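Chain and residue survey
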Amino acid sequence: MASLKSQKKVLIICGDYMEDCEAMVPFQALQAYGVSVDAACPGKKAGDICRTAVHQSSGHQTYSESRGHNFTLNVTFDEIDATKYDGLVLPGGRAPEYLAMDESVLILVSKFSDSGKPIASICHGQLILAAAGLVKDRKCTAYPPVKPILIAAGSRWVEPETMMACVVDGNLITAATYEGHPEFIRLFVKALGGTITGSNKRILFICGDYMEDYEVMVPFQSLQALGCHVDAVCPKKGAGDKCPTAIHDFEGDQTYSEKPGHDFTLTASFEGLDATSYDALVIPGGRAPEYLALDEKVLALVKYFVEAGKPVASICHGQQILSAAGVLKGKKCTAYPAVKLNVVLGGGTWLEPNPIDRCFTDGNLVTGAAWPGHPEFISQFMVLLGVTVSF
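The rules behind these values
Residues numbered from 1 in each chain as written. Predicted model: local features only at pLDDT ≥ 70, side-chain atom pairs only at ≥ 80, totals over all residues. Heavy atoms only, no water. Helix = DSSP H or I, 4+ residues; strand = E, 2+ residues; numbered from the N terminus. Rg over C-alpha atoms; globule rule 2.2 N^0.38 Å. Buried < 20%, exposed > 50% of the residue type's maximum accessible area, 1.4 Å probe, protein only. Axes fitted to C-alpha atoms, helices over the stretch in contact; angles between N-to-C directions. Parallel < 35°, antiparallel > 145°, perpendicular 65-115°, else oblique. Left-handed = near helix turned anticlockwise from the far one by under 90°. Contact = heavy atoms within 4.5 Å. Nonpolar A, V, L, I, M, F, W, Y, C, P; charged D, E, K, R; others polar. Lys, Arg positive; Asp, Glu negative; His and termini not counted. Salt bridge = Lys/Arg side-chain N within 4 Å of Asp/Glu carboxyl O. Polar contact = N/O pair within 3.5 Å; in protein donor to acceptor, adjacent residues only side chain to side chain. Pairing = 2+ DSSP bridges. Core = buried A, V, L, I, M, F, W, Y, C linked by side-chain atoms within 4.5 Å. Expected span 1.5 Å × (residues − 1). Phe/Tyr/Trp six-rings, centres within 6.5 Å; stacked < 30°, edge-to-face > 60°.

1. A few points about the overall build of the protein chain
Along the backbone of the protein chain there are 12 helices and 24 strands. The C-alpha radius of gyration of the protein chain comes to 20 Å, within 12% of the 21 Å expected for a compact globule of 391 residues. When its C-alpha atoms are laid out on the principal axes, the protein chain stretches across 60 × 40 × 40 Å. By the burial criterion, 59% of the 391 residues in the protein chain qualify as buried.

This is the structure we're talking about:
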C-alpha cells in the first residue's frame, strides 16, 4: 500500500491533444502510490476537459493520430502556486507544440527548475523544456523528431536506442515515448524520495481484442514501474503479438462511447502458460471479456488463481469473466453498472459503485467499476501483493 503519510504533491501540465497515455498513466500511477497529483491547463479551470490523442507507430513514416479519452482537469491553471509542489510532469503529444509558446507555462516550468525540483518530461514534452531554456548543457532524450530543437537549444542529445529510453541529468528526467513509462515513473518516484519494497512479484494479465485501453495500460505500466514482473497473454496469440484496444469514455450519451485505442503488445504466450509461476492476476475490462468469458481455458485459469488464494484484480466488464468462472459465489463485488446482472446471477453480492471510482476488496479479490477508479484499484491490489511505496 502507498504510504498515506506522504505529503508529496505533483503537478502535470496538460493541453489539448496531449498523448492520452502520457497524461493518464503517470497521473493515476502516482496517485495509486499515495502521491497527490494535480492536472492543469492554461486557459482552463478545474472540471474542464482536455481532449487527448492516441499516437502510435502504424507502419507509416511517422506515427498515426486518433482521438483519445477526454481528460478531466482537477485544478485551475491561474491558481497554481509552484511552491506547493514537489515535482512536475510534462506529457508529450501535440500539446507541447503550443504550450511551448505560452509564456505562463515557461515561467511556471522555470520555477520548478530554479528550485531544483524533479521535472519528468516525455516525448514532445521536451519542446517546453527547450523553449524555457532548461536543456542547455544537459543530457536529454526525446522522441527522435524533437532532436533538432533540443540540439539547437544546447542540450547534450542522447539518441534513444529504443523507444523505451530514459535519461537522468540532475533533477531532469527525460524519456522517448510512453513505452518507457515504467522506468520513467520509477525514476520520478525515486527523485521524489520514494522507496519501493516488496516488488519481487510476478503478475499475469488476461488480455483480449478490444479490452479497454486505460484498463490494461495503466495497471500494466504502474505495476512494472514498481519493479514487478508483468506478463500479458491472450488466447490464440503469442509473445509480440498485439491486441487492439478500445477507448470507452463518458460523453453525455446513455452509455459509454467507443473509439479505437492503442495496440497493446503481449509479452508471453497463452498456450503452455505455467499459472503456478505467477503471484497474482489482473483482468481488464472493455469488450474483450464478452468473448473471453466463453473460453474454458480462460475460466480454468481464473479459477486457479481464486481458489489458490492469490490476489485477483478485475475491473469494469472483467467481472463477466469472474461470473462465468463461478468464482463470485459468496463474494462482495462491484463492476460497471451494466454488469450488475452478471454479478448477481453469478452468485455475488452486488456493491453499488457510487461514485464510479469506488473499488472494493473482499478476501483476495479486488473489483472496480471503471478506469476513473484506477488509483484506488491499483492501491488496493498493492496491499494484497505486499508492495509498498514510502516517502
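After that view, the rundown keeps rolling.
2. Quick word on the packing of helix H6 (residues 181–191) against helix H7 (residues 213–225)
Where H6 contacts H7, the axes come no closer than 8 Å and their chain directions differ by 55°. What the angle tells us is that H6 and H7 run oblique. The handedness of the crossing between H6 and H7 is right-handed. Residues His181, Pro182, Ile185 and Arg186 of H6 touch H7, and the partners they reach there are Gln221, Gln224 and Ala225. Grouping the amino acids of the contact of H6 with H7 by side-chain chemistry returns 3 nonpolar, 3 polar and 1 charged.

3. What to know about the side chain of aspartate 20
Tracing the backbone through its elements, the reader meets aspartate 20 in helix H1 (residues 20–32). No salt bridge is formed by the buried aspartate 20; its nearest oppositely charged neighbour, lysine 259, is found at 7.9 Å. Within the structure, the side chain of aspartate 20 is placed 2.8 Å from the side chain of histidine 69, a separation counted as a polar contact. A distance of 2.3 Å separates the side chain of aspartate 20 from the side chain of tyrosine 214, its partner in a polar contact.

4. Brief notes about the sheet that holds strand S2 (residues 18–19)
Strand order in the open sheet made by the 3 strands is S2-S4-S5, with mixed pairing throughout. Each edge of the open sheet carries a strand with a single partner, namely S2 and strand S5 (64–72). As paired strands, strand S4 (residues 49–56) and S5 are joined by 7 bridges and run antiparallel to one another. Bridge pairing in S5 links glutamine 56 to serine 64.

5. Looking at the nonpolar core
If you look at the biggest cluster of nonpolar residues, it comprises 130 residues, and the most contacted ones within it are Tyr33, Val109, Phe205, Cys207 and Val302. Sequence-distant contacts of valine 109, defined by excluding residues within four places in its chain, comprise Ile13, Leu88, Leu90, Ile119, Ile128, Leu129 and Leu134.

6. Observations regarding the pattern of salt bridges
One pass over the full model with this rule turns up 10 salt bridges. Ionic pairing is found between aspartate 38 and lysine 9, a salt bridge with its closest N-O pair at 3.8 Å. Of this pair, aspartate 38 sits in strand S3 (residues 36–40) while lysine 9 sits in strand S1 (residues 9–13); the two residues are 29 residues apart in sequence, bridging distant segments of the chain. Aspartate 38 sits in the buried class, given a relative accessible area of 10%. You can call lysine 9 partly exposed: its relative accessible area is 24%. Notably, a salt bridge pairs lysine 297 with glutamate 271, separated by 3.3 Å at the nearest N-O pair. Of this pair, lysine 297 sits in helix H9 (residues 296–307) while glutamate 271 is found in the loop between strand S17 (257–265) and strand S18 (280–283), placing the two residues 26 residues apart along the sequence.

7. Examining helix H12 (residues 374–385)
Across its 12 residues, H12 extends 16 Å between first and last C-alpha, which sits within 8% of the 16 Å expected from 1.5 Å per residue. Across the 12 residues of H12, 9 count as buried, placing the element largely inside the fold. Of the residues flanking the end of H12, it is glycine 386, one or two places downstream, whose phi is positive at about 80°.

8. With respect to the sheet that holds strand S11 (residues 172–175)
Across the sheet, 6 strands lie side by side as S3-S1-S6-S7-S11-S10; this open sheet has mixed pairing. Only two strands of the sheet have a single neighbouring strand rather than two, namely S3 and strand S10 (166–169). Ignoring strand direction, the axes of neighbouring strands in this sheet form an average angle of 15°. Looking at chain direction, strand S7 (residues 119–122) and S11 are connected through 4 bridges and run parallel. Each residue of the ladder has a partner; that of serine 121, found in S11, is threonine 174. Taken strand by strand, H1 contacts S1, S3, strand S6 (87–90) and S7, and its axis lies near 155° from that of S3. Its contacts with the sheet place helix H3 (residues 103–114) against S1, S6 and S7, and it is angled at close to 150° to S1.

9. Topic: the packing of aromatic side chains
Tallied over the full model, the rule gives 10 aromatic pairs. When the centroid spacing of 5.6 Å and the interplanar angle of 70° are considered together, the rings of tyrosine 63 and tyrosine 143 count as edge-to-face. Note that tyrosine 63 is positioned in the loop between S4 and S5 and tyrosine 143 in the loop between strand S8 (139–140) and helix H5 (147–152), a separation of 80 residues in sequence. Taking the relative accessible area as the measure of exposure, tyrosine 143 reaches 15% and is therefore buried.

10. Brief notes about unusual backbone geometry
Excluding glycine, a negative phi dihedral is what most residues carry, and trans is how most peptide bonds are arranged. At the junction of asparagine 354 and proline 355, the peptide bond is cis and its omega measures out at 5° in the coordinates. In this structure, proline 355 sits in the loop between strand S21 (349–350) and strand S22 (359–362). Positive phi values are uncommon outside glycine, yet aspartate 137 reaches one of about 65°. Its place among the elements puts aspartate 137 in the loop between helix H4 (126–131) and S8. For cysteine 316, which is not a glycine, the phi torsion comes out positive at approximately 65°. If you trace the backbone, cysteine 316 turns up in the loop between strand S19 (312–315) and helix H10 (319–324). Residue cysteine 316 is classed as buried on the basis of its relative accessible area of 6%.

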